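Below, each chain spelled out in residue letters.
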Amino acid sequence: MPGRSAPPLVTGVSPKEGPPGTRITIRGENLGYDTNDLIGLKICGVDCLLSSEWKSPSKIIARTGPGKGKGDVIVITKSSGQGSCTVGFKGYFVQIGPLQESAIWIDESQNVISNMRHGRPQSPIFSKEDEDPLGISDEGSHAKFTEEELAEIFSECSGNMSLENFSPAWYLLENHHNTGFEDLKAGLAHMKRRATQRSEGPIAFVKSNLSSTLDCVDSLEAMYEKYCSDDIRGQSINSYAVLLMQAKSCADGLFQEVLGRKDKADSTRNALNVLQRFKFLFYLPLNIERNIQKGDYNLVINDYVRARSLFADTQVQVFRKVYTEVESRVNSFREMLQSKLYELPNTLEEQKKLIRYLNNLECPGDPAWECLINQQKWLLNILHQCKDQHIEEEMRCVQTEGDVPGNLLRSPGNNKFRTPQKVSFIEELTELVTDNFPDLWKLGQAFFSGSLFTKESGEKNFKVDAAKHSKFKQMITGIIAVFANLVRTAFLPESLENIAGQERAQYGVWHSAKQDISGAWLPICVRYIRNCVSSLTQLDLPGDSSSLVTDLALDMRTNCMFTLLKQAIADVQQLHTKETWMVETDDESGGTTQLPALFENIVNETIQHLHEVVVQNKPGEPEIFSQRIVQKDATILCTQLLQAFAPCLNCLAFTPPPVTNTNKRMSRPNRSSDPNVDVSEEGILPLDKRLIIMLSNCNHTMERVLPRLVENLNKLGYVEMNKALKTAESTYQELDDKLFEAYVEEKSNPIVGTMEQNMYSGKFDWRTCKKPYGVRNYLKEVIMQMIEVHAEVFAVSPAFVTRVTKNVIEAVAEEMSRLVECITEFSPNGVLQARLEVLALQQTVQLYQTPHASECFQEALDALPAIKQDDKRIVEEFLNKFKSQMKVQLMCFYSDSLLCDRNSSNA
């Protein structure tokens, strides 16, 4: 045993007041080392050791005895003796009613009123004026309602709690009309506690008043021993027993009516307690309906699961009846959820919620799998409905507007373009697939992962059915196949030739199946397809489904590329109808019309559009030029596109179409600027003008446009474009040679054809001609005609001046040589005249002489007889005179340096 320590000290009591039997907690210091060390506990002077429970050296729990008034709480221990306290406890006696248990003797002399008026005892009337069921203190001197006022307000009611017509409102107005709401709430809690204490029964009463009960038992035993010691014969004990039995019988008769009502009240209270205790079940049918209307399905399911776990196997008839009603409501709830689940379209999250609800309700079957099947059928149905709707609309348009191809259509009655039906179809079809298919796929993944199944109860273990895996894969592949075939039927019907006729018929027959969608609309369709396929490939589809959509997108891209290239070729081939013959000159390209720029714009716009819509790959898409056949066809079409402008130039040069009114108006400035140009009534230029303009266009296209176009094609990923460039250059070179020969022939023939006639005009004869006086006019006319050609070419394209002039001079030199060689006899004057004219022509065109032209001039000079030195001087004088007289005209045949030399010599 430890040594003696400081005496016990009580520093806290909770609660600090209460009636006998109140359970209190005592706290302090040195309250004993253990239970055996605690030998005494007095509360308000009453020994309460028997009801005490030692917890620790600083805590004791006990029940108070019948002490009244404020007193000390003293703890006595073996080790430290009697202690002291700094706090106290206040004991008080609660006014006990006639039907309440009490652990102490109650003086009933003031409560029982005897009345024997009719010769028999009646039920006693107990005064409850001093009883406060709310446990709220008196309100003091506040004015109260009179009984007359309350009777007037509450007719046929009473404020007496013992009567059947008791009115709580009367009681509150009479006793607590100034009490605050919080105090009334505290009073209600007090009433509930008291009711709970009464409902606990005699055992709880004995537990709370154990010390008083033991005191009563001790007193009865002591009394019995005393009586036994005084009553030697035992007669008094028997007489006391008879008297007690008579007193009991009298008491039973006196309180029979009251006790009967009490039993009835207890029975009612027990029934209400049952209702209160199981109100969850009794209110459940109504709560289910209310929660369903509010959409709080989780609460409905949780309540049902709880009720099922508690009352599914109950044998109580009332509970079984209510539970049967609950099952009926839940069955209706299941049907409602199933109908909602099958209503489409619906969001993925909503479908998951409905499936989880049905699984938690243990719906028969497999709601998730049935939902997948239903959604697959619905999606296939709306795809076919979309196809049927647009085919019918196309047929209606054909009947009302005639057989119109799938190009830009005009709506009746206005000038607005109407979207082709196939374009509207592909837009709606891809939207349906993009919006609905991912939900089906994700729902299937959730189904096979088990996330759709509740895990609240460990009884259900989800196992994936391997057969459903393959079925779901077939469902997905079927939907993708239908989507791809519907698109192919509308845009790529030739790709479905291997499908049986009956199966192919289900994809519909388009009226415009053999007509291509215009190049203006096809890229839009490809964009719809690629966006849809991109969203599908992100879902990680099975191999078959993924290849179907990938091949579809690639085929649509390829078809769009080929169609747009063919459309561009057709557009280029029609450029000759847009020629205005307005020549625009710049330092780089010389003189050209608008056609080369239009050609370049068409090609650049086409390939740029194709790059944006077709060629440029999105993530997961194959390279469009990865297939050799696509490379080959694309190279051929690009080559044809680059070559397509050559026939257009050839047509304009040799067989030009009539110029339209618009082109006439646009070409007026060109005609008015050159009054000597002979323009036909159809607005067509002469052949020589057309040839030189088209020659300039051809050369500009070959030298500048084609290299830029091929460079752009290479940059955008087209293959074998250098090969296409060589092929195209060969085509344009052939056209260039053809145009050049035609132009040279057109310009040289008039000059050469008139030389002989003009040489012998005026009956000129080399044998009898007079002494030369200078260069004759026919030669001057030939030179002027060559100057005219020079000026015409220079005005269109200075780059062609040398090339054209040399060829014209060659033709003139050949003709001059032929004419001189044909002369059989010369007079001395004739020799001088012929030599003067040959030398004048030769020196005039000296800058543009080719080796062949020089040979021709030399042959002409060799054919002439030799002359004397004096004659050579005469010829030289005439040549200088000729050059001086025609100085201005001959400037076009001189280079800058030569002009400077001649100017200085003349000076």
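Within an unreviewed UniProt entry, the label attached to the protein chain reads Exocyst complex component 2, and the organism entered is Mizuhopecten yessoensis. We quote the UniProt Function (unreviewed entry) comment for the protein chain here in full: "Component of the exocyst complex involved in the docking of exocytic vesicles with fusion sites on the plasma membrane." According to its UniProt record, the protein chain has this under Sequence similarities (unreviewed entry): "Belongs to the SEC5 family."

Novice: Sorry if this is basic, but what is going on with the overall build of the protein chain here?
Specialist: Tallying secondary structure elements over the protein chain gives 28 helices and 15 strands in all. For the protein chain, the proportion of its 907 residues judged to be buried stands at 42%. Put simply, the protein chain shows about 50400 Å² of open surface, and 51% of that area lies on carbon and sulfur atoms.

Novice: What is the right way to look at the side chain of lysine 387 in this model?
Specialist: Note that lysine 387 resides in helix H11 (residues 367-401). Overall, lysine 387 belongs to the buried group, its relative accessible area being 5%. Polar side-chain contacts of lysine 387 include one of 2.8 Å to the backbone oxygen of glutamine 506.

Novice: What exactly am I supposed to notice about the confidence of the model for the protein chain here?
Specialist: Note: predicted coordinates in regions of low pLDDT should not be interpreted at a detailed level. Per-chain confidence: the protein chain averages 81 in pLDDT, with 84% of residues scoring 70 or above. Confidence drops under a pLDDT of 50 for residues 113-130, and excluding neighbours within four residues, the segment shows 18 contacts in the predicted structure.

Novice: Looking at this structure, how should I read empty space enclosed by the protein?
Specialist: Where empty space is left becomes clear once a probe the size of a water molecule has been rolled over the atoms. Counted according to the given criterion, the structure contains 3 cavities of 30 Å³ or more. For the second largest cavity, the calculated volume is near 60 Å³. In this structure, the second largest cavity is lined by Arg530, Val533, Ser534, Thr537, Thr550, Ala553, Leu554, Pro619, Gly620, Glu621 and Pro622. Sorting the residues of the lining of the second largest cavity by element identifies helix H15 (522-537) and helix H16 (543-573) as the ones contributing at least two each. Looking at which element gives the most residues to the lining of the second largest cavity, the answer is H15, with 4 residues. Here the residues of the lining of the second largest cavity are counted per class, giving 5 nonpolar, 4 polar and 2 charged.

Novice: Could you clarify how one ought to interpret the packing of helix H17 (residues 595-615) against helix H21 (residues 687-715) in this entry?
Specialist: Each pair of packed helices can be described by the angle between their axes along with the distance between the axes. Across the interface, H17 lies against H21 with an axial gap of 10 Å and an inter-helix angle of 15°. Regarding the angle of H17 to H21, the classification is roughly parallel. Pair H17 / H21 crosses with right-handed handedness. The segment H17 lies against H21, with Pro596, Phe599, Glu600, Val603, Asn604 and Ile607 engaging Asn697, His700, Thr701, Val705, Leu706, Arg708, Leu709, Asn712 and Leu713. Considering only residue class, the contact of H17 with H21 consists of 8 nonpolar, 5 polar and 2 charged.

Novice: Just checking my understanding: could you explain H21 for this structure?
Specialist: Every α-helix carries 3.6 residues per turn, so stepping three or four residues along brings you back to the same face. Between its terminal C-alpha atoms H21 stretches 40 Å, which fits the 42 Å expected from 29 residues at 1.5 Å a residue. Its maximal kink placed at threonine 701, H21 deviates by approximately 40°. Glycine 717 lies just past H21 and shows a positive phi near 100°.

Novice: Got a minute to help me understand the sheet that holds strand S3 (residues 23-29) in this structure?
Specialist: Strands belonging to one sheet form pairs held by backbone hydrogen bonds; the direction of such a pair is parallel or antiparallel. Reading across the sheet, the 5 strands line up as S6-S7-S3-S1-S10 and stay open at both edges, with mixed pairing between neighbours. Across the chains shown, the open sheet's two edge strands, defined by having one partner strand only, are strand S6 (53-56) and strand S10 (84-85). Taken together, the 5 bridges between S3 and strand S7 (residues 59-63) define a ladder with antiparallel strand orientation. Across the sheet, residue arginine 27 finds its bridge partner in S7, namely lysine 59.

Novice: I tried to follow the nonpolar core on my own but got confused; where do I start?
Specialist: Across soluble globular proteins, you tend to see nonpolar side chains buried next to one another. Core analysis: the largest hydrophobic core is formed by 198 residues, its most contacted members being Phe437, Met561, Phe599, Tyr718, Tyr732, Met786 and Phe893. Residue contributions to this core peak at 15 residues, all from helix H22 (residues 721-759). Here this core gathers at least three residues from each of two domains, domain 2 (262-343) and domain 3 (761-896). Sequence-distant contacts of phenylalanine 893, that is, excluding residues within four places in its chain, are made with Ile783, Met786, Ile787, Thr805, Thr844, Val845, Leu847 and Tyr848.

Novice: I tried to follow unusual backbone geometry on my own but got confused; where do I start?
Specialist: Among all residues save glycine, negative phi is the norm, and among peptide bonds the norm is trans. The omega angle of the peptide bond from serine 14 to proline 15 is -5°, so this bond is cis rather than trans. Mapped onto the secondary structure, proline 15 falls in the loop between strand S1 (9-14) and strand S2 (17-18). A cis geometry characterises the amide bond from leucine 344 onward to proline 345, with omega recorded as 5°. Of note, asparagine 30 is a non-glycine position whose phi angle comes to about 60°, a positive value. Considering the arrangement of structural elements, one finds asparagine 30 in the loop between S3 and strand S4 (38-43). According to the relative accessible area criterion, asparagine 30 is partly exposed, its value standing at 32%. Positive phi outside glycine occurs at cysteine 44, with the angle close to 55°. Residue placement: cysteine 44 occurs in the loop between S4 and strand S5 (46-47).

Rules used throughout
Residues numbered from 1 in each chain as written. Predicted model: local features only at pLDDT ≥ 70, side-chain atom pairs only at ≥ 80, totals over all residues. Heavy atoms only, no water. UniProt positions renumbered as here; feature names shortened; annotations may be inferred. Helix = DSSP H or I, 4+ residues; strand = E, 2+ residues; numbered from the N terminus. Buried < 20%, exposed > 50% of the residue type's maximum accessible area, 1.4 Å probe, protein only. Areas by Shrake-Rupley, 256 points an atom, 1.4 Å probe, with all protein chains shown as cover. Polar contact = N/O pair within 3.5 Å; in protein donor to acceptor, adjacent residues only side chain to side chain. pLDDT = per-residue confidence, 0-100. Contact = heavy atoms within 4.5 Å. 1 Å grid on protein atoms, 1.4 Å probe; cavity = no way out; pocket = protein on both sides within 12 Å on 5 of 7 lines; lining within 4 Å. Points joined across faces, edges and corners; volume = space filled by probe spheres on them. Nonpolar A, V, L, I, M, F, W, Y, C, P; charged D, E, K, R; others polar. Axes fitted to C-alpha atoms, helices over the stretch in contact; angles between N-to-C directions. Parallel < 35°, antiparallel > 145°, perpendicular 65-115°, else oblique. Left-handed = near helix turned anticlockwise from the far one by under 90°. Expected span 1.5 Å × (residues − 1). Bend = angle between axes of the 7 residues up to and from the residue. Pairing = 2+ DSSP bridges. Core = buried A, V, L, I, M, F, W, Y, C linked by side-chain atoms within 4.5 Å. Domains from an automatic or database assignment.

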